[in-house]
Structure formats: C-alpha cells, structure tokens
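So you can see what is in the structure, the chains are spelled out below.
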Amino acid sequence: MGMIAVGAWSLKQAWAAGPRRVVITALLSLLVAAVPSLQVVLMAAFVGDLAGAESFGDISRSFTGLVALIAFTGPLESITGTLQWRAVDLIALHAKQQVAETLATLPPSELADPQVSARIEAGNKAAEDEIAYLYPHVLALLQRALSVVGVFLALATMSPLAATLVLVSLVPVLVASQRVARIDARMWDDIGKLYWRSRYLHQHLVTTAPSIELTSLGASGQISSMVTDTVQRITARKARTYAPMLAWQLLAGFSSSALLAAALAALVVGVSFGPTAAGGVYGVMAAMGAVGGLGANLGYLVEGSAPFERYRGLLSLRRESRPPSLAEHAGSLVVAGLGHTYDGADHPALQGLDLRIDRGRIVALVGVNGAGKTTAINAIVGTLEPQEGLIAIDGRTREDMPFQEWVGHFGTLTQEFGRYELTVRESLLLGSPRGDVTDQQLWAALEAADAANMVRGFADGLDQQLGSQWEGGTGLSGGQWQRISLARIHLRDAPIWILDEPTSAIDAEAEQEIFRELQRSRADRITIVVSHRAWTLRGMDEILVIDQGRVIERGRYDELLALRGRFAEIFAEQAG
C-alpha cells in the first residue's frame, strides 16, 4: 500500500502542477515503452531477411526500421526526462508549501515537544530532498512495466516458460526493497532528533547576532565541534544500515540474475535455431534491461514509502487552519489557580496564581529570574498548556475558542523579541493580519515606540532592508531592534498587551517616553508588564510579587515598599 500511495500522490501532484505536461509525458513514455518489444520483432525480421538476402534491398525495410528505432529513442527519452524534472521542481515546491502551512498552525507548546520536533525534522527533510524525486521513478516504473508486458507477450509466442521466468525475476527485487524500507524507517526513528539538533546548532553559526556573540566569546569552535559530533552520530547510525541493506540487495540481484539466466536457457533449448531464436535471445536480453530497470524502480518506490510516510506524518500534525484574527475588545482577563510543573522538575514553576485585570488597568509581575513570571505569561498567551487552573477572557476559556482566535487577543513582546531581517514595513506588518494598513498607521506605530526618527534616517525609510548580512541592509543595535518590535505591538493594537521587559535594551530617556505613551493609552486595553526597573512600576494599578512560583505579595508600589518584604528587598537599591 505504501508504494501505491507514493505513486498515486506523485501523479496527483504532477497533474495539479501541469495537466498538459503530464499528458505529453505520458504519450512520450508510451512510445519509449514500446521500444523493447519493437526491437524483438524488428530483430527477428532483420535476421530472417539476412538469411535469404542477396542484396541490400532485401533487408532495407527491417534495417531501416531498426535504425529509425535507435535514432528516435534517445531524443524521446531526453524530452521525457526534461518534462519530468520540471514536474519535480513543482512537486517539491508544493510539498514545501504544505510543510510551511502545517507548521504555521502549530502552537509553540507543540513545537517545543522533542518528539514533535523529531517528526518535523524527518518530514521536512523528506519534503526538501526526497519525495519530489520519486515522480520520475513512478513514470519509469509505468513505462518499464509496459515494456515488460510487451516483451513478455513477444516471448510468450516463442517460449511461455522463458516469459514466465522473466516476470518471476521481479519477485526477489520487490521483497528486498520492502526489507530495505523497514530498515530505513527504523533508522529515521533514531536520527530525526539528531538532524533537528544539527540544524539548530548550525543556525547559530550562520545567524548574525548569535555568531557575533560566539565569536566574541571564542566559542564558535565549540559549536562547530557540537555540529561535527552530531553529524558523526548521524553518520554512524546510518552506517549500521548499510550491511543489512547491501545483503538484501545482493541476494535480490543474484536471485533475479539466476532466473533471467534460466529464462535464456529455456528459450535456447525450447526454440529451434533460426530467426525466431535470434529474436527470442535478443528479447530476453531486452527483458533483462527492462526487468532490471523495473525492479530498480520498484525498489526506489518501496524505499520511497518511508520518507513519504514521514512527510505524511508531519502533515498529520496540522491543526485547524483559520485566517489570522485580531480581537477588537477584551473587557476582563481572569486567571484562577494557575499552576504548572515542568517535566523533570522537582518543584512547580508556578502554583496557585489568581489574577483579574479589567480593561484600562496595568498590572505588573515582578520577581527574580526563575520565579515563575515567564511561565505565567506563556500560559496566559497560550504557548504553554498549564496543568492546573483556568484562564478566561470575558468569560471564555481556551477550550471555548480556536487557538488562532485566542492569540488574536494578545500583543506580546518577550525578552527574546524577534529580530526579523526584513524591510521595516514587512517587519511591522507581521504584527497585523489586516491587509489595509496605511503608511500613516505604520508611522504612528513607530512614533509610539520612539522609533520614527530612526526610520526616517534610513535611506529607504519604511522600505529599508534590516540586517547587515543582506545587500543594502543596515545593522541595528539591540535597542533599535526592540523599538521595531514594540512598534509592531502598537500597530497590532490588540486588546491585551503583555510586555516582558519591553525596554530592557533601550536607553533611559527613550524608556521614559515609551512608558509615558503606555500610560497615556492604557484605557484602550488590558496591560501586563514584567519589569526589573523600579521607576517603571510606580504607575501600575497592581504589582504581583512572584517568588518560587507563588504570589507572595501584591499591591501598589508605595504599599509594597512600606511592607518592607520581598518587593522591598528586590528593589531596595533602586527605590533608595
């Protein structure tokens, strides 16, 4: 069934990419498929003509037929091959598009799962490097199958036993291919995670920001060594498959050769010497090529069923796809009894978090690193599935709406803000699903993030390419990247904002302006801020102090300082 599914999928994709191209390829393939059986008939006729020929005229017809057959076979195969490879490009494009669309539907919590990551890596590699190239083998299989049928029919008139042995010679190749496919599938179960790790490490070497940091630390060689070690592990695991694969292939080769030799012997013994025998011998030789090619194509398709299943396994992860949405209103956000413990951890990262924020209010979460703030934010946004508790927006929980609708309520700026090396315009538009955003709105968002003057200074303004690794691109500092990210949140204008250290890389003067703008426009939204700077907390309606996963204090800035508790300890120096 795997081989049939692969063949059907390849033909369906090729037809979708270009029906006329498939029809032309099929017609040319039929002509090429007829070549072996025509060779048998023409060779028998030519040998028969030679036996009684007295001049060239006596053999001219059969001779001309053979020459024409030889002359046109090569060009036909070349044209067919060119059409096939064009289809391969289009099939590969479609497969990669399907992978990208599938990944776009997956929530971050699922992408972070190691098992899912391994499936994604295996399926992505199949889409990029393997399944599209099965299409020529599908066509070649059909073409050679017709060739074998033609040769079989031609041989059957000479020696039914020889014709039968020719067909039976396919069985060892098919059995071996099935065994090889199983070996290959088991191998990918092991190395999918390793390929994912290799790609992750390699990305740090070629991405500008990480590579600069690694170079300054003198650590590029360490990452390179990790990449090498991971690739060596992949290579070693692959090497374990070579011996059993080769054993099955050699067994199949010897068995098929023995059956074809028996077919030749049956033909020679069973047919009287003469033109028919000569044509029959030539037919068996033609059958050897056709059967060998057919067996190889069967093998490729059976082996190709493993990457095809990996590809389908990746696509099976796809969630319900909905157009990106952006909620217009959120009156309240309620968190009740929220708790989560990470796998392998001895203690909860978060426990018993209760929170209610109404529109127009700003609430801050504070605490030392590892206190549980990021866990709380990820759970609220929906990138983490909490093990305990409830989160509701205007009375509706995550279970009451699709993931895309839930995240459409949020504009989130994390500590690891995205440095998208696109144009300024493209980077900002990532924040909005609307297709009618005007330049005026883009500039307003940049103004709110104190980034407008920076962008006006670029040679191409909104169309300036960001990132020095690109032609005509400009490099940005950490603070400049953060302002672009904050402008993206302003453009999005979601009803709930979650800002995790939104000005950590920005100078003090610009930070003050940004927080003044945040306070000025607070009435339009619910806002959650995570900050380690005391002065930014003065205008908060409520501050929650989280320590070891629990809320241990809550209140306004002055109230918490007066308690002389954990909040005062954390911010004592800044407050003083």
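Cut-offs applied
Residues numbered from 1 in each chain as written. Predicted model: local features only at pLDDT ≥ 70, side-chain atom pairs only at ≥ 80, totals over all residues. Heavy atoms only, no water. Buried < 20%, exposed > 50% of the residue type's maximum accessible area, 1.4 Å probe, protein only. Helix = DSSP H or I, 4+ residues; strand = E, 2+ residues; numbered from the N terminus. Pairing = 2+ DSSP bridges. Core = buried A, V, L, I, M, F, W, Y, C linked by side-chain atoms within 4.5 Å. Contact = heavy atoms within 4.5 Å. Axes fitted to C-alpha atoms, helices over the stretch in contact; angles between N-to-C directions. Parallel < 35°, antiparallel > 145°, perpendicular 65-115°, else oblique. Nonpolar A, V, L, I, M, F, W, Y, C, P; charged D, E, K, R; others polar. Phe/Tyr/Trp six-rings, centres within 6.5 Å; stacked < 30°, edge-to-face > 60°. Salt bridge = Lys/Arg side-chain N within 4 Å of Asp/Glu carboxyl O. Arc of directions from axis to C-beta.

Peer 1: Mind showing me how you'd approach the pairing of strand β3 (residues 362-366) here?
Peer 2: Each regular strand displays side chains that alternate between the two surfaces of the sheet. With respect to burial, β3 is a largely interior element, five of its five residues being buried. Burial of β3 is two-sided: the residues Ile362, Ala364 and Val366 facing one way and the residues Val363 and Leu365 facing the other way are all buried. Bridge count for β3 against strand β8 (residues 526-530) is four bridges, and the pairing is parallel. Considered in β8, the bridge of Ala364 is made with Val529. Both β3 and strand β9 (residues 542-547) contribute to a ladder of four bridges, which runs parallel. Bridge assignment links Val363 to a residue of β9, and that residue is Glu542.

Peer 1: How should I be thinking about the nonpolar core in this particular structure?
Peer 2: Across soluble globular proteins, nonpolar side chains show a tendency to be buried alongside one another. By size, the foremost hydrophobic cluster in this structure holds 43 residues, and its most contacted members are Leu446, Leu537, Ile543 and Phe567. Ignoring sequence-local partners within four residues, the contact set of Phe567 consists of Val366, Leu537, Ile543, Val545, Glu553, Tyr557, Leu560 and Leu561. Counting 32 residues, the second largest nonpolar core, distinct from the first, contains Ala87, Ile91, Leu139 and Phe308.

Peer 1: Any chance you could explain the packing of helix α8 (residues 160-168) against helix α9 (residues 170-206) here in plain terms?
Peer 2: What describes two packed helices is the angle between their axes and the distance between those same axes. Between α8 and α9, the least distance of the axes is 5 Å, while the angle of their chain directions is 10°. Between α8 and α9, the angle is such that the two are roughly parallel. Two secondary-structure elements touch here, α8 through Val166, Leu167 and Val168 and α9 through Leu170, Val171 and Pro172. Of the residues contributing to the contact of α8 with α9, the split by class is six nonpolar, no polar and no charged.

Peer 1: What is the right way to read the sheet that holds strand β4 (residues 388-393) from this model?
Peer 2: For sheets, the rule is that strands pair by backbone hydrogen bonds, running either parallel or antiparallel. Pairing is antiparallel across the open sheet formed by four strands, whose spatial order is β2-β1-β4-β5. Lying at the two open borders of the sheet, with one neighbouring strand each, are β2 (350-358) and β5 (396-397). Bridge count between strand β1 (residues 332-340) and β4: five bridges; the pairing is antiparallel. Residue Val335 lies in a different strand from β4, and its bridge partner there is Ile391. Against the sheet, helix α13 (residues 373-381) makes contact with β1, β2 and β4, and its axis sits at roughly 125° relative to β1, the strand it touches most.

Peer 1: Help me out: how do you make sense of the environment of Asp358 in this one?
Peer 2: Within the secondary structure, Asp358 sits in strand β2. The sequence separation of Asp358 and Ile393 amounts to 35 residues, and the corresponding C-alpha distance is 10.0 Å. Those residues in contact with Asp358, other than ones at most four positions away along the chain, are Gly331, Ser332 and Ile526.

Peer 1: Is there a simple way to think about the packing of aromatic side chains in this case?
Peer 2: For any pair of aromatic rings, geometry is given as the distance between the ring centres together with the angle between the planes. Tallied over the entire structure, the rule returns seven aromatic pairs. Their ring planes at 55° and their centres at 5.6 Å tell us that Trp9 and Phe308 sit as a pair that is tilted. Taken as a pair, Trp9 in helix α1 (residues 2-17) and Phe308 in helix α12 (residues 275-315) lie far apart in primary sequence, 299 residues in all. Relative accessible area serves as the criterion here: at 13%, Trp9 is assigned to the buried category.

Peer 1: Can you help me understand the pattern of salt bridges in this one?
Peer 2: Side-chain pairs of opposite charge can arise where the charged atoms are in close proximity. Scanning the entire structure with this criterion turns up 18 salt bridges. Its salt-bridge partner being Arg396, residue Glu405 comes within 2.9 Å of it at the nearest N-O pair. Glu405 sits in the partly exposed class, given a relative accessible area of 25%. You can call Arg396 partly exposed: its relative accessible area is 34%. For the salt bridge of Arg566 with Asp547, the shortest nitrogen-to-oxygen distance reads 3.6 Å.

Peer 1: Please explain the environment of Thr73 as it appears in this structure.
Peer 2: By the secondary structure assignment, Thr73 is in helix α4 (residues 60-104). Thr73 sits in the buried class, given a relative accessible area of 15%. Put simply, Thr73 and Gly431 are 358 residues apart on the chain and 57 Å apart in space, counted from C-alpha to C-alpha.

Peer 1: Looking at this structure, how should I read the side chain of Arg310?
Peer 2: By the element assignment, Arg310 lies in helix α12. Beyond its immediate chain neighbours, meaning those up to four positions away, Arg310 contacts Ala122, Gly123, Glu130, Asp184 and Trp188.

Peer 1: Quick question: what am I supposed to make of the pairing of β4 here?
Peer 2: Across two bridges, the pairing between β4 and β5 is antiparallel. The partner of Ala392 across the bridge, within β5, is Thr397. The turn joining β4 and β5, which pair antiparallel and follow one another in sequence, is formed by two residues; a positive phi near 50° is taken by Asp394.

Peer 1: Hey, could you run me through the sheet that holds strand β7 (residues 496-500) in this one?
Peer 2: On the basis of which strands lie adjacent, the open sheet formed by six strands has the order β6-β7-β8-β3-β9-β10 and mixed pairing. In this open sheet, the two edge strands, each paired with only one partner strand, are β6 (410-413) and β10 (550-555). Neighbouring strand axes in the sheet, compared pairwise and without regard to direction, differ in orientation by 15° on average. Looking at chain direction, β6 and β7 are connected through four bridges and run parallel. Along β7, the bridge assignment pairs Thr412 with Ile498.

Peer 1: Please clarify how helix α16 (residues 439-448) should be interpreted in this entry.
Peer 2: Since one α-helical turn is 3.6 residues long, residues separated by three or four positions face the same way. Buried within α16 are the following residues: Leu442, Ala445, Leu446 and Ala448. The arc that holds the buried residues of α16, viewed along the axis, is 160°, so those residues lie on one side. Phi turns positive, to about 55°, at Asp450, one or two residues after α16.

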